[in-house]
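Residue-level structural notes
The residues making up each chain are set out below.
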Amino acid sequence: MGSYILGRLAQSGLVVLGVTTVVFIVTRVFGDPVSLMLPLSATAEQKAAFAHQIGLDQPLLAQFFAFAGDLVTLDFGESLWQRRPVIEVIADCLPNSLLLVSVALAAATLMAVLLGAIAALRPGGVIDKAISGIALLGLSMPQFWVGLLLILVMSVYLKLLPSSGMGSAAHLVLPAITLALTPLARQTMLLRSSMIDELNKQYVRTARAKGMPFARVLIVHALRNTWIPFLTLAGWEFILTLAGYSVVVETVFAWPGLGLTAIQAIQRGDLFLVQGVVFTIAVLIVTVNIVLDILFRAIDPRIGLN
Amino acid sequence: MTQQQARNSAQATWRANASALAQELWRDKTGLVSLIILVGIVAMALFAPLIAPFDPAAQSLSHRLTPPAWLDRGVWTHPLGTDHLGRDILSRIIWGARLTLLIGSCVVLFGGALGTAVGLWAGYNGGRTDNILMRIVDIQVSFPGILLILLIVSVMGTSVVTLIVVLSLTNWMVFARFVRGTVMSLRQSAYVEAAEIVGCHPARILFRHILPNLITPLLVLSILEFTNIVLAEAALSFLGLGIQPPATSWGLDIASGRDYIYIAWWLVTFPGICIVSLVLSLNLFSSWVRITTDPQEREKRFAHSYMSRRGKRS
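Residues numbered from 1 in each chain as written. Chains lettered and ligands numbered in written order. Predicted model: local features only at pLDDT ≥ 70, side-chain atom pairs only at ≥ 80, totals over all residues. Heavy atoms only, no water.

A separate point is the overall build of chain B. Broken down by element type, chain B carries 13 helices and zero strands. Along the chain direction, N to C, the helices and strands of chain B fall in the order α-α-α-α-α-α-α-α-α-α-α-α-α. Residues counted as buried form 46% of the 314 residues belonging to chain B. If you take every contact in chain B between residues at least 6 apart in sequence, the share linking residues at least 24 apart comes to 69%. Each charge class in chain B was averaged separately, 25 positive and 17 negative side chains, and the resulting centres sit 8 Å apart. (Helix = DSSP H or I, 4+ residues; strand = E, 2+ residues; numbered from the N terminus. Buried < 20%, exposed > 50% of the residue type's maximum accessible area, 1.4 Å probe, protein only. Contact = heavy atoms within 4.5 Å. Lys, Arg positive; Asp, Glu negative; His and termini not counted. Charge placed at Lys NZ, Arg CZ, Asp CG, Glu CD.)

In structure tokens:
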């Protein structure tokens, strides 16, 4: 186990190096940070001074090492838009994103277990068809549109919940529902199908034949065997939500998280901030992946064998 | 058998297959309805200049924010109402289908071609090539495409070409993984070994013997990827990172309608319904294609319908 964790850490180090390289190539080689970040009216001297300040007049390799060194020490430079270090901006909005994502995913996971298990009880029945149909519909709706419809109904017409911003618990409701929808649909579908597979297996029949109550068979035996694929998907949903869906949902509800900050930074041409956010999310993803891998080896001894 | 006869019989089998397929589609109503909606949307995009009642960009400030026709202030010249600049929503929806479908097709084509090529190469060669290529796929899969998209768009700006390139670069991995897995298992099969022993060129084995097995599953995968790309394009356009005005796109229309959500619900509602119907139909149609082309699934369905018919009779 110890050597596995070490190997996994080394591999993640390589991945972070890869991300650093991609960020470097895209921003410095393809793009031109000087003209992107300075106003159009900047003089040639100002441009030269700025290029010197961020080290653009150095050879490419030296630039890369300076760049990588800065990222690893979490020195992302100064945000041109907010006039303060990028790391401070990120430290301010990361907790907001994590709050939203964890509330949404916790709700989605609980609901998915419930709905998936109910649907699997009678495959092809009315309840199953209804749940599967709604799940498919949920996967087919763009999140930003669901968010806007919720605002339309709950805020504009019913005036029940606030439509944007952050503050009370009520502000969390609509963004969390919107963010939860897609993961909920996907997790429900997965749990339903793996549950149906499990319920058709011999050991379920044996347990029933022994006279074990069905609810106990379901919860103690079948549900347990669906854990591994379900948790794998849940981890993947966490990554997708944190780095993908939350950007959209935070924009719809003006939730002051990483995603909204990234979009605003792009609109203002604040390259350092965009870079910082991308790198932070990448490191978070790598961390989540390691934790999940180690967790799975601890839960399921079969994984260690191959 | 002469050549003429062979051609006739080939034509006859083809015709029989096509009519069997049509019958099958007629029996599965979800598949049929989804196909009709898809054909409708494609026709809408192709014939947009003929169908659309107005120029999608034509502004008319005296008619701004007209509600849909069935409401109080609505007029039948603008069945779905007008937006904040007095542009006809129906016409914008009809024109908006074009870029969505164009981008989706291009990305599926490029991403699919890249992924299939990588998958064939890795799966056929195995060994170190396979290791390196699949490691790249693993790493890229573990990173949501949006990070790369944010980065590239912030540096290079937005355009339809950038959008296609970026989405292709973030959507090829599924194809690579799938093709590689299938190729690896097919390489073990007797007929591929036979072809190797006879001395077939690897390219001939790959394209003549292995690739035909992949066509239908690749089709299903492409349709599913298409839905992801439609949703991704809509989301990016909504965020202002995708299609830019004056071009029209459903996602873009929803974004501009967002500012008027308190006074005009129809601006965000109708383009959204279009996205949902396109994606939902694609999902349903792909599941029909999958079930119809998979012998195991067909057998299950046959048994199911047979049992239910017997159940009814007794």
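Moving on from the coordinates now.
Take empty space enclosed by the protein next. All names here are of chain B. Enumeration according to the criterion identifies one cavity of 30 Å³ or more in this entry. For the largest cavity, the calculated volume is near 90 Å³. Contributing to the lining of the largest cavity are D83, H84, R87, I89, R92, I93, D253, S256, G257, L267 and P271. Among the residues making up the lining of the largest cavity, the classes are represented as four nonpolar, three polar and four charged. (1 Å grid on protein atoms, 1.4 Å probe; cavity = no way out; pocket = protein on both sides within 12 Å on 5 of 7 lines; lining within 4 Å. Points joined across faces, edges and corners; volume = space filled by probe spheres on them. Nonpolar A, V, L, I, M, F, W, Y, C, P; charged D, E, K, R; others polar.)

Right, let's get into the layout of surface pockets. Residues and elements named next belong to chain A. By volume, the second largest pocket amounts to about 470 Å³. Forming the walls of the second largest pocket are 21 residues, and the residues nearest its centre are Q53, I54, G77, E78 and F272. Secondary structure elements with two or more residues in the lining of the second largest pocket: α3 (44–53), α4 (60–72) and α13 (271–299). A total of six residues in the lining of the second largest pocket trace back to one element, the largest contributor, which is α4. Tallied by class, residues from the lining of the second largest pocket come to ten nonpolar, six polar and five charged.

The next subject is the packing of aromatic side chains. Residues and elements named next belong to chain B. Across all of its chains, the model carries ten aromatic pairs over all chains by this definition. Measuring from ring centre to ring centre gives 5.9 Å for W265 and F270, while their planes differ by 55°; the resulting arrangement is tilted. Of the residues examined, F270 reaches a relative accessible area of 11% and is grouped as buried. Here the guanidinium or amino end of R187 rests over the ring plane of Y124, the centre of that ring lying 4.1 Å away. (Phe/Tyr/Trp six-rings, centres within 6.5 Å; stacked < 30°, edge-to-face > 60°. Lys NZ or Arg CZ within 6 Å of the ring centre and 35° of its normal.)

Core analysis: the biggest nonpolar cluster contains 154 residues, and A:F144, B:W250 and B:I275 have the highest contact counts within it. Among the elements that make up this core, the one with the highest residue count is α13(A) (15 residues). Judged by nonpolar contacts, the second largest core, of 14 residues, contains B:Y124, B:V192, B:A195 and B:I205. (Core = buried A, V, L, I, M, F, W, Y, C linked by side-chain atoms within 4.5 Å.)

This part takes up the pattern of salt bridges. All names here are of chain B. This structure, assessed with the given rule, holds eleven salt bridges over all chains. Between D83 and R87 there is a salt bridge whose closest N-O contact spans 2.9 Å. As far as burial versus exposure is concerned, D83 and R87 are alike and both buried. A salt bridge links D130 to R180; the shortest N-O distance between them is 2.8 Å. Linking D130 in helix α5 (residues 127–141) with R180 in helix α8 (residues 173–187), this pair joins segments that are 50 residues apart in sequence. (Salt bridge = Lys/Arg side-chain N within 4 Å of Asp/Glu carboxyl O.)

Below, the discussion takes up the interface of chain A and chain B. In this assembly, 47 residues from chain A lie in contact with 37 residues from chain B. One can count zero salt bridges joining chain A with chain B. Of all the secondary-structure elements, those providing two or more residues to the side of chain A that touches chain B are α1 (2–30), α6 (126–140), α7 (143–157), α11 (227–253), α12 (258–267) and α13 of chain A. Looking at the side of chain A that touches chain B residue by residue, the class counts come to 37 nonpolar, ten polar and no charged.

Moving on to the confidence of the model for chain B. Residue and element names in this part refer to chain B. Counting all residues, the mean pLDDT for chain B is 86, and 98% of those residues have values of 70 or more. Of all secondary-structure elements in chain B, the lowest mean pLDDT belongs to helix α13 (residues 295–313), at 73, while helix α4 (residues 89–125) reaches the highest, 92. With pTM at 0.87, the complex prediction returns an ipTM value of 0.86. (pLDDT = per-residue confidence, 0-100.)

Right, let's talk about the packing of α7(A) against α11(A) for a bit. Residue and element names in this part refer to chain A. In contact at an axis separation of 9 Å, α7 and α11 are set at 25° when each is read in the N-to-C sense. What the angle tells us is that α7 and α11 run roughly parallel. As α7 runs across α11, the sense of the crossing is right-handed. Packed against α7, whose contacting residues are Q143, F144, G147, L148 and I151, the element α11 presents Y245, V248, V249, V252 and F253 at the interface. When its residues are assigned to classes, the contact of α7 with α11 shows eight nonpolar, two polar and no charged. (Axes fitted to C-alpha atoms, helices over the stretch in contact; angles between N-to-C directions. Parallel < 35°, antiparallel > 145°, perpendicular 65-115°, else oblique. Left-handed = near helix turned anticlockwise from the far one by under 90°.)

Let us look at a nonpolar patch on the surface. Taken together, A:I25, A:V29, A:F30, A:L60 and B:M156 make up a surface patch of nonpolar side chains, about 490 Å² in accessible area. If one sorts the elements of the nonpolar patch by residue count, α1(A) sits on top with three residues. Position of A:V29 among the secondary structure elements: in helix α1. Using a relative accessible area of 43% as the deciding quantity, one classes A:V29 as partly exposed. (Patch = residues over 30% accessible without salt bridge, like charges linked within 9 Å, V, L, I, M, F, W, Y side chains within 5 Å. Areas by Shrake-Rupley, 256 points an atom, 1.4 Å probe, with all protein chains shown as cover.)

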